[in-house]
Amino acid sequence: MVIARIGGRVTRIKPLVAGNWKMNGLGGSLSELAALRDHLAASPVPEADAMMCPPATLLTRAHEVLSGSGILLGAQDCSPHPSGAHTGDISAEMLADAGATAVIVGHSERRHDHGETDAEVHAKALAAYRAGLTAIICIGETEEQYREGHTLDVLRSQLEGSVPEGARAGTTIVAYEPVWAIGTGLTPTPPEVAQVHGLIRTVLGQMLGDSEAGAMRLLYGGSVKPSNAADLLFVPDVNGALVGGASLKAKDFYEIMSVYAGSGI
Ligand code: PEP
């Protein structure tokens, strides 16, 4: 059962399975999006929402492929600035103009490859709100931090630094992605995921109030695939997944979504 427990209350949250194509995909890859659209039309999974985040170069064409399908379109990063002299950057407004309704901010590959700080992630989340996009704010500890038992402290500090004060459940999603689990085939155990997601919701409650925190989607990300999705996604306080590698194939992504089919959520 996908639930959030906060302040003694239990809130039901519709899960979201979001795919992150990262720097993968040319025009020909849109056939995978079309295949996902067609799978979901033929065998819907009404218990969960689907979102795909292709590279920015494909957003407009992906928007056309997904039009009317109910599959949400997201982007992978945005500039904090609305426009101006920032060569190569893409604003949240441009993403919205291309058809995106959400944007991932603070993915660990941005934090590590580009040195993005919590303050920058915070600014990008505000840019997303400014453009009318949902911000999918990523947090996660490194392997060293995990091994040394610092996970909970690291996540608390990332949440406090990255999630804006006025964040609302309708336009904010938090994705927990342990860096050591991304693309490695390794995953935390379900009890570890439960502990971490419980902490995330508690910290969000302290920051934003119980009602926003209790309604906010918390996604797990890191080596989610069809074979482990059921174990990872039915953990308390897990409201869906952020999926990297397995989102590139429509069949794998659909199988992950299918764990929710008939689950009565
Ligand atoms: C990701 O990068 O968001 C991710 C979760 O990747 P993977 O599923 O490939 O581990």
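Here we summarise the structure given alongside this text. (Residues numbered from 1 in each chain as written. Predicted model: local features only at pLDDT ≥ 70, side-chain atom pairs only at ≥ 80, totals over all residues. Heavy atoms only, no water.)

Quick notes on the overall build of the protein chain
Okay, so step 1: Per the secondary structure count, the protein chain includes 11 helices and 10 strands.
Okay, so step 2: Its C-alpha radius of gyration of 17 Å places the protein chain within 12% of the 18 Å reference for a compact globule of 265 residues.
Okay, so step 3: The buried share among the 265 residues of the protein chain stands at 51%.
Okay, so step 4: Here the contacts in the protein chain between residues at least 6 apart in sequence split such that 73% fall between residues at least 24 apart. (Helix = DSSP H or I, 4+ residues; strand = E, 2+ residues; numbered from the N terminus. Rg over C-alpha atoms; globule rule 2.2 N^0.38 Å. Buried < 20%, exposed > 50% of the residue type's maximum accessible area, 1.4 Å probe, protein only. Contact = heavy atoms within 4.5 Å.)

Things to note about the sheet that holds strand 10 (residues 240-243)
Okay, so step 1: Spatial ordering of the closed barrel is given by 3-4-5-6-7-8-9-10, a layout of 8 strands whose pairing is parallel. The average angle at which neighbouring strand axes cross in this sheet is 25°, direction not considered.
Okay, so step 2: Together, strand 6 (102-105), strand 7 (134-139) and strand 8 (172-176) form the strand contacts of helix 5 (residues 118-130), whose direction differs from that of strand 7 by roughly 160°. (Pairing = 2+ DSSP bridges. Axes fitted to C-alpha atoms, helices over the stretch in contact; angles between N-to-C directions.)

Quick look at the nonpolar core
If you look at soluble globular proteins, the nonpolar side chains tend to sit buried side by side.
Okay, so step 1: Counting residues in hydrophobic clusters, the biggest one holds 71 residues, and the most contacted among them are Val 174, Ile 200, Leu 204 and Leu 233.
Okay, so step 2: The element contributing the most residues to this core is helix 8 (residues 190-208), with 7 residues.
Okay, so step 3: Beyond its immediate chain neighbours, meaning those up to four positions away, Ile 200 contacts Ile 139, Leu 159, Val 174, Tyr 176 and Leu 218.
Okay, so step 4: In this structure, Leu 16, Cys 138, Ile 173 and Ala 175 belong to the second largest nonpolar core, which totals 12 residues. (Core = buried A, V, L, I, M, F, W, Y, C linked by side-chain atoms within 4.5 Å.)

What about helix 5?
Okay, so step 1: The end-to-end C-alpha distance of helix 5 is 18 Å, a good match for the 18 Å that 13 residues give at a rise of 1.5 Å each.
Okay, so step 2: The set of residues buried in helix 5 consists of Asp 118, Val 121, Lys 124, Ala 125, Ala 127 and Ala 128.
Okay, so step 3: Looking at the buried positions of helix 5, the neighbouring elements they touch are helix 3 (92-97), strand 6, helix 4 (108-113), strand 7 and helix 7 (151-162).
Okay, so step 4: A positive phi of about 80° marks Gly 132, the residue just after helix 5. (Expected span 1.5 Å × (residues − 1).)

Brief notes about the site of the ligand
Okay, so step 1: Close contacts around the ligand come from 14 residues, with Lys 22, His 107, Glu 177, Gly 183 and Ser 223 the closest.
Okay, so step 2: One nitrogen or oxygen atom from the side chain of Lys 22 is found 2.6 Å from an oxygen atom belonging to the ligand.
Okay, so step 3: A distance of 2.6 Å separates an oxygen atom of the ligand from a polar atom in the backbone of Gly 183.
Okay, so step 4: Calculation on the ligand without its partners gives an accessible area of 290 Å², and the protein chains cover 95% of this total.
Okay, so step 5: When the residues that make up the shell around the ligand are grouped by side-chain class, the tally is 4 nonpolar, 8 polar and 2 charged. (Near = heavy atom within 4 Å. Polar contact = N/O pair within 3.5 Å; in protein donor to acceptor, adjacent residues only side chain to side chain. Areas by Shrake-Rupley, 256 points an atom, 1.4 Å probe, with all protein chains shown as cover. Nonpolar A, V, L, I, M, F, W, Y, C, P; charged D, E, K, R; others polar.)

Focus: the pattern of salt bridges
Okay, so step 1: Counted according to the given criterion, the structure contains 15 salt bridges.
Okay, so step 2: Taking the shortest distance from any N to any O, the salt bridge between Arg 201 and Asp 237 comes out at 2.5 Å. Taken together, the residues Arg 201 in helix 8 and Asp 237 in the loop between helix 10 (229-233) and strand 10 connect sequence positions 36 residues apart. Note on accessibility: Arg 201 and Asp 237 belong to one class, buried. (Salt bridge = Lys/Arg side-chain N within 4 Å of Asp/Glu carboxyl O.)

Section: the pairing of strand 10
Okay, so step 1: Covered by surrounding structure in strand 10 are Gly 240 and Leu 242 together with Ala 241 and Val 243, the residues of both alternating faces.
Okay, so step 2: Of the strand pairs in this sheet, strand 3 (residues 16-20) and strand 10 are connected by 4 bridges, and their pairing is parallel. Bridge pairing in strand 10 places Ala 18 opposite Leu 242.
Okay, so step 3: Alignment of strand 9 (residues 217-221) against strand 10, held across 2 bridges, turns out to be parallel. What sits directly across from Gly 221, in strand 10, is Leu 242.

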